[in-house]
Amino acid sequence: MTIAIHHARLIDGTGAVQEGVTLLVRGAKIAAVGPSRDVTIPKGAARIDGRGLSIIPGLIDCHVHLCLGGEPDVVGTLESEQPSYTLLKSAAHAKATIDAGFTTVRDVGSRDHSIFTLKQAIESGVMPGPRIVGAGLAICMIGGHARFIGQEVEGTEQVRRVVAEQVAAGAGVIKVIASGGVLTPGTSPDDAQMTLEELAAAVDEAQRAGKRVAAHAHGAAGMKNAINAGVRSIEHATLLDDESGTLMKRYGVYMVPTLSALATTAACRHGCGIPDSALEKARSMTKRHHASFKAAHRSGIAIAMGTDAGTPFNYHGENAQELERMVALGMTPMEALVASTAAAAQLIGIHDSVGTLTKGMEADLVILKGNPLRRIDVLRDPDKIMGVMKAGMFVSGPLLKA
Ligand SMILES: [Zn+2]
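Residues numbered from 1 in each chain as written. Predicted model: local features only at pLDDT ≥ 70, side-chain atom pairs only at ≥ 80, totals over all residues. Heavy atoms only, no water.

1. With respect to the state of the cysteines
The cut-off we apply is this: Cysteine sulfurs are considered disulfide-paired once they come within 2.5 Å of each other. Relative accessibility under 20% of the residue-type maximum defines a buried residue, over 50% an exposed one, and the middle range a partly exposed one, all with a 1.4 Å probe and only protein chains included.
This model, assessed by the stated rule, comprises 1 disulfide. Covalent S-S linkage joins Cys-268 and Cys-272, the inter-sulfur distance amounting to 2.4 Å. Here the disulfide of Cys-268 and Cys-272 is right-handed, its torsion about the S-S bond being about 130 degrees. A disulfide-free cysteine, Cys-140 has its sulfur positioned 14 Å from the sulfur of Cys-67, the nearest such atom. The class for Cys-140 is buried, based on a relative accessible area of 1%.

This is the structure we're talking about:
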């Protein structure tokens, strides 16, 4: 069966926009795409009149935690839950994510290996949800940040073993913690965590298995260790300095800014339930985080979109708020869209199948009312999302029922 969307605006993920386009979906893939006068719609195809609609690639969030639900005290909440309850919650978060037009997520730290069970259930069609590239347990030093969703390690031997364990369990990416964090009490975002040797061992072991490494780092010391160790992305990159910025550019390391994480925490009042230590840390870093994002954007550091969805008041399904924040800090709507599609796919290493809408790619796409290049916030309006398609099948939106 062929689905033809005709006379639509196409924003294909590469940075290009074209009016009056017909896109044909056959099976799981894009069979043809081009100006409507050049593309013949086969007899019997299901037709969708695309006038007034925009087609964009399925969005990709490079930094989520499906096991966290945006609770004010995520650490305490997770510790009080049965693992099976957390998994059910994660499934609901996966559904909210794909309903919002996010057809792929990179999950960079979960309480156990059940993220791989969720991935399997989604891939088998048991439940709707995005493609998941999961890390499993984040790898951190003893007493380190994120240990509530991590495995504490000491020494390069143990690092290698834990990397191999995550890969054996199904990890598509390895997550390391190279600095303190906001949400873990007693850790300072400025301080480096794990040694350069440990980080390099993680990268080496991951590479042997064909996996990339994502490093959490707020402070410049942690960032530099991680970059020199060979990681592919710096998550947050909150306190970027000239040297760490230069290194990122030189080695093609991506920044995954997660502006939403700090912003939603910092916007909270005392007494909202977020522990005071986390509130103070988030507030004290917000300005510098914005400056770091602007400096990275200006200097041409590769930026891939990530929200840190699941952290306090940073809800799954509201992932598109990150594009608004990136635009507010100087990106054009087109740049924000590329960071959330093609660039994100490049970072994850899945750009041969998703992230752009060209012939032969998987048909992961979102059909929107209106033009996100004029108003980026249409992405966050559920009434504007007409259809979300993953691998050629509508999974959400009014077009699913049509
Ligand atoms: Zn995170």
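Here the narrative resumes.
2. Re the sheet that holds strand 6 (residues 59–64)
Note the following rule: For two strands to be treated as a pair, DSSP must find no fewer than two bridges joining them. Here a helix means four or more residues in a row that DSSP labels H or I, a strand means two or more in a row labelled E, and each is numbered from the N terminus. Angles run from 0 to 180 degrees between N-to-C directions of axes, and those axes are lines fitted to C-alpha atoms, restricted for helices to the stretch in contact.
Spatial strand order, 6-7-8: 3 strands in an open sheet with parallel pairing. Edge positions in the open sheet fall to strand 6 and strand 8 (131–134), since each of these has one partner strand only. Strand-to-strand twist of the sheet, defined as the mean angle between neighbouring strand axes without regard to direction, takes the value 15 degrees. By the bridge criterion, 4 bridges tie strand 6 to strand 7 (residues 102–107) in an arrangement that is parallel.

3. Quick notes on the coordination of the zinc ion
Here is the rule: Only N, O and S atoms count as donors, using a 2.8 Å cut-off from the metal and 3.2 Å for Na, K and Ca, and because water is excluded some sites may appear unfinished.
Looking at the zinc ion, the protein donor atoms are His-63 (NE2), His-65 (NE2) and Asp-308 (OD), and they sit 2.0 to 2.2 Å from it. Donor residues for the zinc ion, ordered by position in the chain, follow H-x1-H-x242-D. Within this pair, whereas His-65 is found in the loop between strand 6 and helix 1 (74–80), its partner Asp-308 is found in the loop between helix 9 (276–299) and helix 10 (321–328), the two being separated by 243 residues in sequence. What makes Asp-308 buried here is its relative accessible area of 7%.

4. Here's the deal with empty space enclosed by the protein
Note the threshold: Space inside and on the surface of the protein is sampled on a 1 Å grid over the protein atoms alone, with a cavity defined as a set of points where a 1.4 Å probe fits but cannot get out and a pocket as an open set with protein on both sides within 12 Å along at least 5 of 7 lines; lining residues have an atom within 4 Å of a point. Grid points are joined across faces, edges and corners, and a volume is the space filled by probe spheres set on the points. Under the grouping applied here, Gly and all other residues not named as nonpolar or charged are polar, the nonpolar ones being Ala, Val, Leu, Ile, Met, Phe, Trp, Tyr, Cys and Pro and the charged ones Asp, Glu, Lys and Arg.
Considering all chains together, one arrives at 3 cavities of 30 Å³ or more under this definition. Lining of the largest cavity is provided by 25 residues; of these, His-145, Leu-183, His-236, Asp-308 and Thr-311 occupy positions nearest its centre. At 3 residues, the largest contribution of residues to the lining of the largest cavity is made by helix 8 (residues 259–266). Broken down by class, the residue content of the lining of the largest cavity amounts to 12 nonpolar, 11 polar and 2 charged.

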